[in-house]
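Here is what each chain is made of, one letter per residue.
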Amino acid sequence: MSVRVVARIRPLLEKELDKDIIVCADSAEEGKPHTIVKIPSPKNEAEEFSFTFNSVYDQSTSQETLFTSEVQPYLKSLFNGLDVTLFAYGVTGTGKTHTMRGGLKLADRGVIPRLLSGIFRRGKKVAKESENDTMVEVALSYYEIYNDKVYDLLEPPEARTPLGLPLRAEANGKTVVVGLTERTCEDLKDFEKLYIEANNNRVTAATKLNAHSSRSHAILRVKITQTTADGQVLTSTASAIDLAGSEDNRRTDNNRERLVESAAINKSLFVLSQCIDAISRGDKRIPYRESKMTRILSLGQNNGITVMILNLAPLRSYHLDTLSSLTVSSRAKRIEVREIENEVVFKQMPRTQSSLSSLKANRQPLR
Ligand code: ADP
Ligand code: MG
């Protein structure tokens, strides 16, 4: 299976209603769902570029529709032991945070609160319906990468060390953050409290540095642990990533402090685009190690399911940056990921031989 790449075009904001729209969604055949984004050539307006994605969501798409179509179908896979990674990519102001976090009103809630709500619901169902007293535990980590340093968002900004947290490659090939806080969540209320607090930490830390939180990558990691009465443990992880803005800062008016910052942000996003290019060309060497964000994201190396959401603003003022983000993300479609479930491990010796792999047997078929 390949990385799934979908585009979402945001509506015009109130203050933009008089502005020029240049990006639109289209279908390959009339009556079919949208899969194409069209944008004029910056050099010759009469010429139009088309980019094809797995799916394209236009201005009118609700938060619920996006979640139901792009995330909900993978909840089952997640509980079957597959890791799921969702990430939002795009220029600042295109709707990444709106898509991932969303607003406070129920209808405005983004992918993350809906994902958690889905996980708690499914967790309850698995626990109730299991034949072997499966216990489901949900634990949360949340961190940001700013200037290529990793900071725990579940800790107050005062607790940050200047160097941030180190990364480590595990034997199974996954990259983990060393010393990251993990908090168990019992229900959606628990989650929301932690999440709001952590997002406040993110803003406070950015304000202290006279920066903006859209200049860091925010990574939420939800670990699901299913344990049977006889000690079989199946762990899987859902990651939801709100990447920093992909705009080219050479074109924007930056002060000096911002430029140092932009260099690091741009570097990680530049490395990401290089990784995407290298993988899609079939290169042997992929430059993952050149930034922390790409080490963590490990596109195409992580087994499981990856969905990339490209956020777009339809305005002319974003023309060149929109074109560049369309180019990068349309190449990401060529990245292959293997759908391999995490292994069931034993916490203690099983009581009986016959209970072996009952967790695997309990699993439901994939989508
Ligand atoms: P980013 O995180 O990519 O910088 P934001 O998510 O902050 O962008 O979105 C920029 C602005 O556009 C915000 O005011 C947000 O509420 C609004 N917005 C983005 N996407 C949508 C959408 N689909 N519907 C309504 N408003 C949106
Ligand atoms: Mg944002």
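About the cut-offs
Residues numbered from 1 in each chain as written. Chains lettered and ligands numbered in written order. Predicted model: local features only at pLDDT ≥ 70, side-chain atom pairs only at ≥ 80, totals over all residues. Heavy atoms only, no water. Helix = DSSP H or I, 4+ residues; strand = E, 2+ residues; numbered from the N terminus. Buried < 20%, exposed > 50% of the residue type's maximum accessible area, 1.4 Å probe, protein only. Contact = heavy atoms within 4.5 Å. Areas by Shrake-Rupley, 256 points an atom, 1.4 Å probe, with all protein chains shown as cover. Near = heavy atom within 4 Å. Polar contact = N/O pair within 3.5 Å; in protein donor to acceptor, adjacent residues only side chain to side chain. Nonpolar A, V, L, I, M, F, W, Y, C, P; charged D, E, K, R; others polar. Core = buried A, V, L, I, M, F, W, Y, C linked by side-chain atoms within 4.5 Å. Pairing = 2+ DSSP bridges. pLDDT = per-residue confidence, 0-100.

Caption draft 1: Representation of the overall build of the chain within the structure. A tally of regular secondary structure across the chain gives nine helices and 15 strands. A burial count over the chain gives 52% of its 367 residues as buried. Relative to all contacts within the chain whose residues are 6 or more apart in sequence, the contacts with residues 24 or more apart total 69%. By element, 51% of the accessible surface of the chain is carried by carbon and sulfur atoms, the whole surface being about 18000 Å².

Caption draft 2: Main features of the site of ligand 1. Around ligand 1, the neighbouring residues are Arg8, Arg10, Pro11, Leu13, Val91, Thr92, Gly93, Thr94, Gly95, Lys96, Thr97 and His98. Contacts to ligand 1 include Gly93, whose backbone N or O atom sits 2.7 Å from an oxygen atom. Note that an oxygen atom of ligand 1 is positioned 3.3 Å from one of the backbone N or O atoms of Thr94. Burial of ligand 1 by the protein amounts to 70% of the accessible area it has alone, namely 560 Å². Here the shell around ligand 1 gets three residues from one element, more than from any other, and that element is helix 3 (residues 96–100). Here the residues of the shell around ligand 1 are counted per class, giving three nonpolar, six polar and three charged.

Caption draft 3: Representation of the nonpolar core. Counting residues in each nonpolar core, the largest one holds 45 residues, and the members touching the most others are Phe53, Leu272 and Leu299. Elements that contribute at least two residues to this core include exactly strand 1 (4–9), strand 3 (34–40), strand 6 (84–89), strand 7 (135–146), helix 6 (256–281), helix 7 (292–297), strand 14 (305–312) and helix 8 (319–332). Residue contributions to this core peak at seven residues, all from helix 6. Each residue touching Leu272, except ones within four places of it in the same chain, is listed here: Tyr89, Leu243, Met293, Thr294, Leu297 and Leu299.

Caption draft 4: Looking closely at the pairing of strand 1. Of all six residues in strand 1, five are buried, a share of seventy percent or more. Two elements, strand 1 and strand 14, share six bridges in a ladder whose sense is parallel. Pairing of Arg4 across the sheet is with Val307, part of strand 14.

Caption draft 5: How the structure looks around the pairing of strand 3. Among the seven residues of strand 3, five are classified as buried, and the element is accordingly described as predominantly covered. What sits between the antiparallel neighbours strand 2 (residues 24–27) and strand 3 is a turn of six residues, in which Gly31 has the positive phi angle 85 degrees. By the bridge criterion, five bridges tie strand 3 to strand 4 (residues 48–52) in an arrangement that is antiparallel. By the bridge assignment for strand 4, Lys38 is matched with Ser50.

Caption draft 6: Representation of the environment of Leu315. Take Leu315: it is sitting in the loop between strand 14 and helix 8. Residue Leu315 is classed as buried on the basis of its relative accessible area, which comes to 3%. Considering only alpha carbons, one finds Leu315 and Ala278, 37 residues apart in sequence, at a separation of 30 Å. With residues up to four places along the chain from it excluded, the contact list for Leu315 reads Arg10, Leu12, Glu16, Lys19, Asp20 and Ile22.

Caption draft 7: Quick look at the confidence of the model for the chain. Per-residue pLDDT for the chain averages 88, and the proportion of residues at 70 or more is 89%. Throughout residues 349–357 the model reports pLDDT below 50, and contacts reaching past four residues in sequence, or to other chains, amount to 10 contacts.

Caption draft 8: Molecular detail of unusual backbone geometry. Phi is positive for Asp133, close to 50 degrees, though the residue is something other than glycine. Locating Asp133 in the fold gives a position in the loop between helix 4 (111–129) and strand 7. Unlike most non-glycine residues, Asn147 shows phi in positive territory, near 50 degrees. With respect to the helices, strands and loops of the structure, Asn147 is situated in the loop between strand 7 and strand 8 (149–152).

Caption draft 9: Examining the environment of Glu47 more closely. By the secondary structure assignment, Glu47 is in the loop between strand 3 and strand 4. Contact partners of Glu47, with chain neighbours within four places excluded, come to Pro40 and Ser41.

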